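Each chain, written out:
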Amino acid sequence: MTSPHPEKPETLALIAASQDGDRSAEALLIRRNMGFINYLSVRVANRTHYRNCAQERDDLCQAGAIGFLLAVRSFDQSKGVKLLSWAGWKVEETVRTWL
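## With respect to the confidence of the model for the protein chain
Residues of the protein chain with pLDDT of at least 70 account for 86%, and the chain-wide mean is 85. Across the protein chain, element-level confidence peaks in helix α2 (residues 23–32) with a mean pLDDT of 94 and bottoms out in helix α3 (residues 34–46) with 89.

## Some points on the environment of Arg 73
With respect to the helices and strands, Arg 73 occurs in helix α4 (residues 57–74). Here the alpha-carbon distance between Arg 73 and Gln 19, two residues 54 residues apart in the chain, equals 5.3 Å. For Arg 73, the contacting residues outside a window of four places in its chain are Gln 19, Arg 23 and Glu 26. At 3.2 Å, the side chain of Arg 73 forms a polar contact with the side chain of Glu 26.

## Comments concerning the nonpolar core
Counting residues in each nonpolar core, the largest one holds 21 residues, and the members touching the most others are Leu 29, Ile 30, Phe 68, Leu 83 and Val 95. Mapped onto this core, the elements with two or more residues apiece are α1 (9–19), α2, α3, α4 and α5 (83–98). Beyond its immediate chain neighbours, meaning those up to four positions away, Ile 30 contacts Ile 37, Ala 65, Phe 68 and Leu 69.

## Notes on the environment of Val 91
Following the sequence through the fold, Val 91 ends up in helix α5. Separated by 20 residues in sequence, Val 91 and Ala 71 place their C-alpha atoms 7.8 Å apart.

## Side note on the pattern of salt bridges
Throughout the structure, instances matching the rule amount to 5 salt bridges. With a shortest N-O distance of 3.2 Å, Glu 26 and Arg 73 are connected by a salt bridge. Here the residue Glu 26 occupies a position in helix α2, and Arg 73 occupies one in helix α4, the gap between them amounting to 47 residues. Taking the relative accessible area as the measure of exposure, Glu 26 reaches 7% and is therefore buried.

Here is what the cut-offs are and how they apply
- Residues numbered from 1 in each chain as written.
- Predicted model: local features only at pLDDT ≥ 70, side-chain atom pairs only at ≥ 80, totals over all residues.
- Heavy atoms only, no water.
- pLDDT = per-residue confidence, 0-100.
- Helix = DSSP H or I, 4+ residues; strand = E, 2+ residues; numbered from the N terminus.
- Contact = heavy atoms within 4.5 Å.
- Polar contact = N/O pair within 3.5 Å; in protein donor to acceptor, adjacent residues only side chain to side chain.
- Core = buried A, V, L, I, M, F, W, Y, C linked by side-chain atoms within 4.5 Å.
- Buried < 20%, exposed > 50% of the residue type's maximum accessible area, 1.4 Å probe, protein only.
- Salt bridge = Lys/Arg side-chain N within 4 Å of Asp/Glu carboxyl O.

The structure is reproduced here in structure tokens:
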């Protein structure tokens, strides 16, 4: 199954390098997607259930980055899902668990 909008070759190369243990590729992927990670982390925390949570924004984003890294490590392009779609679930799950 192929995605109608496949990942860019450069992104796929970084994902493959990251899955092979290249820490610089992991860092680059996180840096390039930090806006996405921050948005999702804060959105999860701002939902009604977590509004009174006094966690720092930096801590939320750190938990989100861990979730993103887990998503990169378990990403499988052959499933036909884009990285950010897969990562969204992992980021939200990690932040909810952390809260």
